[in-house]
Amino acid sequence: MVKKTKAPVTYAKMKGVVSYFTALIKDKKFGSSHSMYYRQMDFLRSESLSEDDGAAAVCFSDPPTEEPQSRVSAADFDYLKVIGTGSFGKVFLAKHRENGTHYAVKVLQKHIILSRKEERHVMCEHRVLLKTLNHPFLVKLHFSFQTKDRLYLVLDYACGGELFYHLQRELVFCEPRARFYAAEMASALGYLHSLNIVYRDLKPENILLDSAGHVVLTDFGLCKEGVAGRDTTRTFCGTPEYLAPEVLQQKEYDRTVDWWGLGAVLHEMLYGLPPFYSADRFEMLRNIIYQPLVLKPGVSSGARDLLKRLLNRDRAKRLGAKRDLVELQSHSFFSSIQWDELVAKKIPPPFIPSLSSPGDLTNIDPRFTDLPVPQSLGACEEYGATFPGFTYISENTSSLSVQTRGH
Ligand code: ATP
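Position numbers for residues count from 1 along each chain, tracking the sequence in the order it is written. The model is predicted, so local features are restricted to residues of pLDDT at least 70 and side-chain atom pairs to those at 80 or more, both for listing and for counting; the totals for chains, interfaces and linings are taken over all residues. Hydrogens and water molecules were not included; the side-chain quantities draw on all heavy atoms of the structure.

The protein carries the name Serum/glucocorticoid regulated kinase 2b in an unreviewed UniProt entry, which gives Triplophysa rosa as its organism. Its UniProt record gives the protein a comment under Sequence similarities (unreviewed entry), which states: "Belongs to the protein kinase superfamily." UniProt positions are given in the numbering used here, feature names are shortened, and annotations may be inferred rather than shown by experiment.

A. Looking closely at the site of the ligand. The local shell around the ligand holds 21 residues, among which Ser-87, Lys-106, Asp-156, Glu-162 and Glu-205 are the closest. Identification of polar contacts relies on pairs of N or O atoms within 3.5 Å, with a donor-acceptor requirement for protein atoms, meaning one able to donate a hydrogen and the other able to accept it, and with residues adjacent in sequence counted only if both atoms are side-chain atoms. A distance of 2.5 Å separates an oxygen atom of the ligand from a polar atom in the side chain of Ser-87. For the ligand, a nitrogen atom lies 2.8 Å from a polar atom in the backbone of Asp-156. Only the protein chains shown count as covering a residue, and every accessible area follows the Shrake-Rupley method with a 1.4 Å probe. Burial of the ligand by the surrounding chains reaches 98%, relative to a free accessible area of 610 Å². Elements with a minimum of two residues in the shell around the ligand: strand E1 (77-85) and strand E3 (102-109). In the scheme used here, Gly and all other residues not listed as nonpolar or charged are polar, with Ala, Val, Leu, Ile, Met, Phe, Trp, Tyr, Cys and Pro taken as nonpolar and Asp, Glu, Lys and Arg as charged. Taken together, the residues that form the shell around the ligand break down as 7 nonpolar, 6 polar and 8 charged. Working definition: residue near molecule or strand if any one of its non-hydrogen atoms lies within 4 Å of it. Helix and strand assignments come from DSSP, with helices taken as H or I runs of at least 4 residues and strands as E runs of at least 2, each series counted from the N terminus.

B. Representation of the packing of helix H9 (residues 256-271) against helix H11 (residues 301-310) within the structure. Relative to each other, H9 and H11 sit at 145 degrees, their axes nearing to 8 Å. Once H9 is placed against H11, the crossing between them reads as left-handed. For the pair H9 and H11, the contacting residues are Trp-259, Trp-260, Leu-262, Gly-263, Leu-266, His-267, Leu-270 and Tyr-271 in the first and Ala-303, Arg-304, Leu-306, Leu-307 and Leu-310 in the second. The residue inventory of the contact of H9 with H11, partitioned by class, reads 10 nonpolar, 2 polar and 1 charged. Every angle, taken between N-to-C directions, lies between 0 and 180 degrees, and every axis is a line fitted to C-alpha atoms, over only the stretch in contact when it is a helix. In this scheme the handedness of a crossing depends on how the near helix is turned from the far one: anticlockwise by less than a right angle means left-handed, clockwise means right-handed. The contact rule is simple, with two residues in contact once any of their heavy atoms fall within 4.5 Å.

C. Fine view of the UniProt feature "binding site: ATP" (unreviewed entry) in the protein. Here, the residues flagged by UniProt with the feature "binding site: ATP" (unreviewed entry) are Lys-106. Among the structural elements, Lys-106 can be located in strand E3. The classification of residues rests on relative accessible area computed with a 1.4 Å probe and restricted to protein chains. Under 20% of the type maximum is buried, over 50% is exposed, and intermediate values are partly exposed. What makes Lys-106 buried here is its relative accessible area of 13%. Residue contacts for Lys-106: discarding those within four places in its chain leaves Lys-90, Val-91, Glu-125, Leu-151, Tyr-152, Leu-153, Leu-155 and Asp-219. Separated by 3.0 Å, the side chains of Lys-106 and Glu-125 make a polar contact.

D. Representation of the environment of Tyr-277 in the model. Relative to the assigned elements, Tyr-277 resides in the loop between H9 and helix H10 (281-290). Each C-alpha atom of the pair Tyr-277 and Tyr-242 lies 10.0 Å from the other, and the pair is 35 residues apart in sequence.

E. Just the sheet that holds strand E8 (residues 215-217), in detail. Pairing between strands is defined by DSSP: at least two bridges between them are needed. The antiparallel open sheet is built from 3 strands, whose spatial order is E6-E7-E8. Here the strands that pair on one side only, and so sit at the sheet edges, are strand E6 (161-162) and E8. Of the strand pairs in this sheet, E6 and strand E7 (residues 207-209) are connected by 2 bridges, and their pairing is antiparallel. If you follow Glu-162 over to E7, its bridge partner there is Leu-208.

F. Region of interest: the confidence of the model for the protein. One number per residue, pLDDT, summarises how confident the predictor is, and it ranges from 0 to 100. Residue-level pLDDT values for the protein average 78, and 75% of them are 70 or greater. Throughout residues 1-65 the model reports pLDDT below 50, and contacts reaching past four residues in sequence, or to other chains, amount to 120 contacts. Segment residues 221-239 is flagged for pLDDT under 50; beyond a separation of four residues in sequence, or across chains, it makes 78 contacts in the model.

G. Region of the structure containing unusual backbone geometry. With a phi close to 55 degrees, Lys-117 is a non-glycine residue in the positive phi region. The exposure class assigned to Lys-117 is exposed, which follows from its relative accessible area of 59%. The residue Phe-276 is not glycine, and still its phi comes out positive at about 65 degrees. For Phe-276, the position within the fold is in the loop between H9 and H10.

H. Structural context of the nonpolar core. Grouped together as the largest cluster of nonpolar side chains are 61 residues, with contacts concentrated most on Tyr-181, Met-185, Leu-217 and Met-269. With sequence-adjacent residues up to four places away left out, Met-269 is seen in contact with Leu-163, Phe-164, Leu-167, Val-172, Phe-173, Ala-178, Tyr-181, Ala-182 and Met-185. In plain words, nonpolar cores are sets of buried Ala, Val, Leu, Ile, Met, Phe, Trp, Tyr and Cys residues tied together by side-chain atoms within 4.5 Å. Counting residues in each nonpolar core, the second largest holds 42 residues, with Phe-88, Val-91, Leu-129 and Leu-208 among its members.

I. Examining the pattern of salt bridges more closely. The term salt bridge refers to a pairing of a side-chain nitrogen on Lys or Arg with a carboxyl oxygen on Asp or Glu at a separation within 4 Å. With the rule as written, the count across this model stands at 11 salt bridges. The partner of Arg-177 in a salt bridge is Glu-170, and the shortest N-O contact between them spans 2.9 Å. Between Asp-365 and Arg-367 there is a salt bridge; the shortest N-O distance is 3.1 Å. On the accessibility criterion, Arg-367 (35% relative accessible area) is partly exposed.

J. Looking closely at the pairing of strand E5 (residues 150-156). With respect to burial, E5 is a largely interior element, 6 of its 7 residues being buried. As paired elements, E3 and E5 share 7 bridges and run antiparallel to each other. Within E5, the residue paired with Gln-109 across the bridge is Arg-150. One ladder, built from 5 bridges, connects strand E4 (residues 141-146) with E5; its direction is antiparallel. Across the sheet, Leu-141 pairs through a bridge with Leu-155, a residue of E5.

K. Fine view of the side chain of Gln-146. Locating Gln-146 in the fold gives a position in strand E4. In terms of polar contacts, Gln-146 uses its side chain to reach the backbone amide nitrogen of Thr-386, at 3.3 Å.

So this is what it looks like as structure tokens:
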């Protein structure tokens, strides 16, 4: 099992390191690599711009529209514990003061977003959250609102914790359990693809479990992973062991990167390590790009065949390249899965997280829950609509009897 680290390596730096060493591995020309590094960073900058112009159509530079006043505000919640950390702030377990419901509240610091020029990416994550409200295995947004200094995203609390928190304890999952999680993830990814969204960033810390043991994917990668220029300081958490080789090599890529990511995660669930793993990070990068996939015995031939097809370096031949999710659904590894029942959450999860109450923190890593909760959260925060279009109240929860607080 790989120990996950949240090293303070910026995304841009990591990309740069990856580019640099990819170039070294490929060309073995140390003399030319410096200029290649900068050429690649320019490429990343132009890629980022074209993405923002395309699928991420809510541009921050759009003329600001008048922000509707939200009936929900930061002061409506009690912030109980930190349950996760990210690039722009923290995620808190919070309880709605009036209805007593527990939520995961992602609080983003505006000054960090602005200083890193990441407004577009944050708005795009918000937009993807709004587009994907109706899938059982994608995190659901209930409210979003802003204060002068912060953005708040109020999400379902996935109290089962990170899937890999459980895997780290158990080392490997038995095949039926791995199959169940892989099928739920595949279903979520296929749904995103049907909306022309590529997740791109399937990684352990983004795969959570709900109270019943179903998968919940968080952190929508398309916008979040929009690559910024070389001056960006966005944190790149962990290592690139789940990234497809074409992403590492900065070649053109498409939705099949998600099927590679699923293969990497499935490999880790079955073998306890991601494919091509090496404790030496650069060795691992080289392995992902060049090393033949070796699948040790100990898992069924169906599982190995699926892994080989998902972890095919040729994205045109990768499983899912032609008919996306449908190709995975008809693979023998998934033959026991009734997909309609799966999406209807009628297949009983193989593991039910032990929980004593809806706000239970048993499955959340103490490295988060031990962090302090800032007293200033929700306390007389000044209103500020510097992110037009951010306010949202879900239809299901709009009937909440919440006090009007003017923002
Ligand atoms: P990154 O810097 O990795 O992009 P981020 O700022 O986008 O992070 P998230 O990945 O959305 O933040 O959340 C950070 C962590 O908070 C997650 O890895 C997870 O452990 C926890 N978390 C996020 N959303 C939820 C949720 N709905 N329920 C429970 N925990 C959550």
